[in-house]
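What follows is the residue order along each chain.
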Amino acid sequence: QVQLVESGGGLVQAGGSLRLSCAASGRTFSSYAMGWFRQAPGKEREVVAGINWSGGSTHYVDSGQGRFTISRDNAKNTMYLQMNSLKPEDTAVYYCAASRRPVLTVTYDYWGQGTQVTVSS
């Protein structure tokens, strides 16, 4: 079992930056692929970025390409999402997720509770 706790959300003006963190419990973090998702009010949850077990492979959806950077520190059992040039449409609850598979995947097994990101115009 893996427990995930997000932090780092908040209110920021358009054009600003935030860094989200996802702290994971358990000794198997380094063997899991991880991902960031978000859900805006009235919309379905969508993937933002994914990262494989080592951090050597990453994937971004178009909306975050060039603005968001996903990374992980396996020694600290922590994953990050650096978000730059934020836009009001980035406003959402951001969730981290872990997959028992080590490679980039669309299937995730564990979820955090989410952290709110609000971007004002």
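Along each chain, the written sequence defines residue order, and numbers are assigned to residues from 1. pLDDT decides what is reported in this predicted model: residues at 70 or higher carry local features, side-chain atom pairs at 80 or more are listed and counted, and totals for whole chains, interfaces and linings draw on all residues regardless. Values shown for side chains rest on all heavy atoms present in the structure; no hydrogens or waters enter the calculation.

## Let's talk about the pattern of salt bridges
Any two side chains of opposite charge can pair, on the condition that their charged atoms come close.
Okay, step 1: Here, a salt bridge means any side-chain nitrogen of Lys or Arg that lies within 4 Å of a carboxyl oxygen of Asp or Glu. For the structure shown, the criterion picks out five salt bridges.
Okay, step 2: The closest approach of N and O atoms between aspartate 90 and arginine 67, which form a salt bridge, is 2.7 Å. With a gap of 23 residues between them, aspartate 90 in the loop between β8 (78–83) and β9 (92–99) and arginine 67 in the loop between β6 (58–60) and β7 (68–73) connect regions that are remote in the sequence. An identical accessibility class is assigned to aspartate 90 and arginine 67; each is buried.
Okay, step 3: With a shortest N-O distance of 3.4 Å, arginine 100 and aspartate 109 are connected by a salt bridge. Numbering goes from the N terminus for both helices and strands, where a helix is a DSSP run of H or I of at least four residues and a strand is a run of E of at least two. Residue burial is assigned from relative accessible area. The probe radius is 1.4 Å, only protein chains are included, and a residue is buried under 20% of its type maximum, exposed over 50%, and partly exposed in between.

## Digging into the state of the cysteines
Okay, step 1: Two cysteine sulfur atoms make up a disulfide if the distance between them is within 2.5 Å. Here the structure, examined in full by the defined rule, presents one disulfide.
Okay, step 2: Paired through a disulfide, cysteine 22 and cysteine 96 show a sulfur-sulfur distance of 2.1 Å. When the S-S torsion is 55 degrees, as for the bridge of cysteine 22 with cysteine 96, the disulfide is right-handed. Highlighted residues: cysteine 22 in strand β3 (residues 18–24) and cysteine 96 in strand β9, separated in sequence by 74 residues.

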